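Here is what each chain is made of, one letter per residue.
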Amino acid sequence: MMLETERLAIVEAAESDIGWIIAQENDEENRRFIWVGTYEEHLAEIADPGHRLLVIRRKDGVERVGYALVHLDFKSERFELRRIVIAQKGRGYGRESMEALMKYAFETLKFNRFWLDVYPDNAVGIALYESLGLHRDGVLRQNYKSERGYLDQIIYSMLREEYARRALERAVPPSR
């Protein structure tokens, strides 16, 4: 699997990427908002056909700018974005990566649902997901116990028909 955007190449992670991924998970700016995996868990994700551990690289070199973990439910046609971390923040890589993942889910895989969860204090993530047109489905109250205590998880999703409608609206300029 390889996805390309104007600036990025999103490719399946190799075992040699796991150390870098764990370092990103443990980075102070990221740790509060994501679950941190072990080397063994990430190795299992690489081997599992239902998961895609992805590395996001700049196309003009080998520099990694982020990673994502995806769970694919082929039976129910659901694309779950379990984690996305952008190491180089403030450059639009998060939006570009999200758009590529959504396009892959709906246009390549022809899945029906793209979804994710986010902690309520991840204001940057929430703003991005809402700006992309994801629907706020609800809140799983105190659903995850972390070192910070019990955390709520907000569920965001988009359905294939919503994605198609949004793509059509962007393609056709509004009339005056």
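Residues numbered from 1 in each chain as written. Predicted model: local features only at pLDDT ≥ 70, side-chain atom pairs only at ≥ 80, totals over all residues. Heavy atoms only, no water.

## Comments concerning the pattern of salt bridges
Working step 1: Taken as a whole and judged by the stated rule, the model has 14 salt bridges.
Working step 2: Here Asp17 makes a salt bridge to Arg64, at a shortest N to O gap of 2.8 Å. Within this pair, whereas Asp17 is found in the loop between β2 (8-12) and α1 (18-26), its partner Arg64 is found in strand β4 (residues 64-73), the two being separated by 47 residues in sequence.
Working step 3: Classification of Asp17 by relative accessible area gives buried; the value is 4%.
Working step 4: For Arg64, a relative accessible area of 25% corresponds to the partly exposed category. (Salt bridge = Lys/Arg side-chain N within 4 Å of Asp/Glu carboxyl O. Helix = DSSP H or I, 4+ residues; strand = E, 2+ residues; numbered from the N terminus. Buried < 20%, exposed > 50% of the residue type's maximum accessible area, 1.4 Å probe, protein only.)

## Overview of the pairing of strand β3 (residues 51-58)
Working step 1: β3 sits mainly inside the fold: six of its eight residues count as buried.
Working step 2: Sheet topology note: the β3/β4 ladder contains seven bridges and is antiparallel. Looking at β4, one finds that Arg57 is bridged to Arg64.
Working step 3: Two successive antiparallel strands, β3 and β4, enclose a turn made up of five residues. (Pairing = 2+ DSSP bridges.)

## Some thoughts on the sheet that holds β3
Working step 1: Taken in spatial order, the eight strands of this open sheet run β1-β2-β3-β4-β5-β6-β8-β7, and their pairing is mixed. One side of each edge strand has no neighbouring strand; the edge strands of this open sheet are β1 (2-4) and β7 (135-146). Taking each pair of neighbouring strands and ignoring which way they run, the sheet shows an average axis angle of 25°.
Working step 2: Pairing geometry for strand β5 (residues 78-86) and strand β6 (residues 113-118), over four bridges, is parallel. Residue pairing in the sheet places Glu80 in a bridge with Trp115 of β6. (Axes fitted to C-alpha atoms, helices over the stretch in contact; angles between N-to-C directions.)

## Let's talk about the side chain of Glu96
Working step 1: Within the element layout of this structure, Glu96 appears in helix α4 (residues 93-108).
Working step 2: Look at Glu96 and you get buried, because its relative accessible area is 13%.
Working step 3: Glu96 has contacts with Thr5, Glu6, Arg7 and Leu8, leaving out every residue within four places of it along the chain. (Contact = heavy atoms within 4.5 Å.)

## Brief notes about the packing of aromatic side chains
Working step 1: Under the definition given, this model contains seven aromatic pairs.
Working step 2: When the ring of Phe79 is compared with that of Tyr104, the centres are 6.4 Å apart and the planes differ by 70°; the resulting orientation is edge-to-face. Taken as a pair, Phe79 in strand β5 and Tyr104 in helix α4 lie far apart in primary sequence, 25 residues in all.
Working step 3: With relative accessibility at 1%, the residue Phe79 sits in the buried group.
Working step 4: Geometrically, the ring pair formed by Phe106 and Tyr163 is stacked, given 4.8 Å between the ring centres and 25° between the ring planes. With Phe106 in helix α4 and Tyr163 in helix α6 (residues 160-171), this pair connects stretches of sequence that are 57 residues apart. An identical accessibility class is assigned to Phe106 and Tyr163; each is buried.
Working step 5: Grouping aromatic residues by their ring pairs yields a cluster made of Phe79, Tyr104, Phe106, Phe114 and Tyr163. (Phe/Tyr/Trp six-rings, centres within 6.5 Å; stacked < 30°, edge-to-face > 60°.)

## A few points about the side chain of Ser97
Working step 1: Its place among the elements puts Ser97 in helix α4.
Working step 2: Here the side chain of Ser97 touches Tyr93 through a polar contact of 2.7 Å, landing on its backbone oxygen.
Working step 3: The residues contacting Ser97, other than those within four sequence positions of it, are Leu8, Ile10, Ile56, Ile84 and Ile86. (Polar contact = N/O pair within 3.5 Å; in protein donor to acceptor, adjacent residues only side chain to side chain.)

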